[in-house]
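# Structural characterization, general
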Amino acid sequence: RQEGDLAQAEKGDVKKSLQEKVLSWLSEDNVDWAEGKDLREIEKRFGNKPEPIAIMPAIVRENIESLGDDYLYCGKAYMIDHHANHHPELDVDEYVNIQSILDEYDDIKDLSEGDKTKVAFVKKLDKGYAVVVELSKENDKIMLHKTFFYKDSAGKRTPFKNKPSIKEKWSVDGSTTIS
């Protein structure tokens, strides 16, 4: 193998490992235990220290200054609470789509509010999907803010249709500073 092929294979192994981590967090036992409990209670049991759950696309590093690394982070308690108490209708296996949305996004939407920089990576799969990422300078980590799942087998609903696209701007303009 050539050096680039090896790096890609290693990156693929890391992505698979991160996906397996998310699935282990969302085990049936963890989700059943967390159902109906508040986030503080869930945090006491599982902790909520931000951990890598996916690898961000290169376009993020090319356009956002001062990032510590290329990972997307999330706390275990946040992820368990999100599934158990906010989106129990989802199949746990849907969460592995976070990486494929980041890898093969169709668009990047600007959802910034005030001094918070937020973007949505939108990817049309069998149903509609979007991952919202809050780009935060806190500890120079990129945090998962929300995931959106659109069950739209007809393909008629476009996530964040009325929000501005920054895909072309990011591809051309270069770095942005997060304050």
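This is a predicted model, so every value here is computed, not measured.

### Re the overall build of the protein chain
Check the secondary structure of the protein chain and you find 7 helices and 6 strands. Expressed as a percentage of its 179 residues, the buried residues of the protein chain come to 40%. Long-range pairs, those at least 24 residues apart, make up 63% of the contacts in the protein chain between residues at least 6 apart in sequence. If you sum the accessible surface of the protein chain, you get close to 10,200 Å²; carbon and sulfur atoms cover 44% of it.

### Notes on the pattern of salt bridges
Overall, the coordinates contain 5 salt bridges when judged by the stated rule. Residue Asp 103 is joined to Lys 15 by a salt bridge in which the shortest nitrogen-to-oxygen separation is 3.0 Å. In this pair, Asp 103 sits in helix H6 (residues 97-103) while Lys 15 sits in helix H1 (residues 3-25), placing the two residues 88 residues apart along the sequence. The exposure class of Asp 103 is partly exposed, given its relative accessible area of 36%. In this structure, Lys 123 engages Asp 106 in a salt bridge whose closest nitrogen and oxygen atoms are separated by 3.5 Å. With Lys 123 in strand S4 (residues 117-124) and Asp 106 in the loop between H6 and strand S3 (107-110), this pair connects stretches of sequence that are 17 residues apart. Residue classification places Lys 123 among the buried residues on the basis of a relative accessible area of 14%. In this structure Asp 106 comes out as partly exposed when scored by relative accessible area, which is 38%.

### Let's talk about a negative patch on the surface
Taken together, the side chains of Glu 28, Asp 29, Asp 32 and Glu 35 make up a negatively charged region of the molecular surface. Relative to the elements of secondary structure, Glu 35 occurs in the loop between helix H2 (28-34) and helix H3 (39-46). Classification of Glu 35 as exposed rests on a relative accessible area of 52%.

### Re empty space enclosed by the protein
With the rule as written, the count across this model stands at 2 cavities of 30 Å³ or more. Approximately 40 Å³ is the volume attributed to the second largest cavity. Along its surface, the second largest cavity is lined by Gln 19, Val 22, Ile 53, Ala 54, Tyr 95, Val 96, Ile 98 and Gln 99. Contributions of two or more residues to the lining of the second largest cavity are made by H1, strand S1 (51-55) and H6. Its residues assigned to classes, the lining of the second largest cavity comprises 6 nonpolar, 2 polar and no charged.

### Remarks on the environment of Asp 70
One can find Asp 70 in the loop between helix H4 (58-63) and strand S2 (71-74). Note on Asp 70: relative accessible area 34%, which makes it partly exposed. In this structure the C-alpha to C-alpha distance between Asp 70 and Lys 141, which are 71 residues apart in sequence, comes to 8.5 Å.

### Here we look at the confidence of the model for the protein chain
Summing up the model confidence of the protein chain, the mean pLDDT is 79 and the portion of residues at 70 or higher is 74%. Per-residue pLDDT stays below 50 along residues 174-179; that stretch engages in 16 contacts with residues further than four places along the chain or on separate chains.

So, how was this worked out
- Residues numbered from 1 in each chain as written.
- Predicted model: local features only at pLDDT ≥ 70, side-chain atom pairs only at ≥ 80, totals over all residues.
- Heavy atoms only, no water.
- Helix = DSSP H or I, 4+ residues; strand = E, 2+ residues; numbered from the N terminus.
- Buried < 20%, exposed > 50% of the residue type's maximum accessible area, 1.4 Å probe, protein only.
- Contact = heavy atoms within 4.5 Å.
- Areas by Shrake-Rupley, 256 points an atom, 1.4 Å probe, with all protein chains shown as cover.
- Salt bridge = Lys/Arg side-chain N within 4 Å of Asp/Glu carboxyl O.
- Patch = residues over 30% accessible without salt bridge, like charges linked within 9 Å, V, L, I, M, F, W, Y side chains within 5 Å.
- Lys, Arg positive; Asp, Glu negative; His and termini not counted.
- Charge placed at Lys NZ, Arg CZ, Asp CG, Glu CD.
- 1 Å grid on protein atoms, 1.4 Å probe; cavity = no way out; pocket = protein on both sides within 12 Å on 5 of 7 lines; lining within 4 Å.
- Points joined across faces, edges and corners; volume = space filled by probe spheres on them.
- Nonpolar A, V, L, I, M, F, W, Y, C, P; charged D, E, K, R; others polar.
- pLDDT = per-residue confidence, 0-100.

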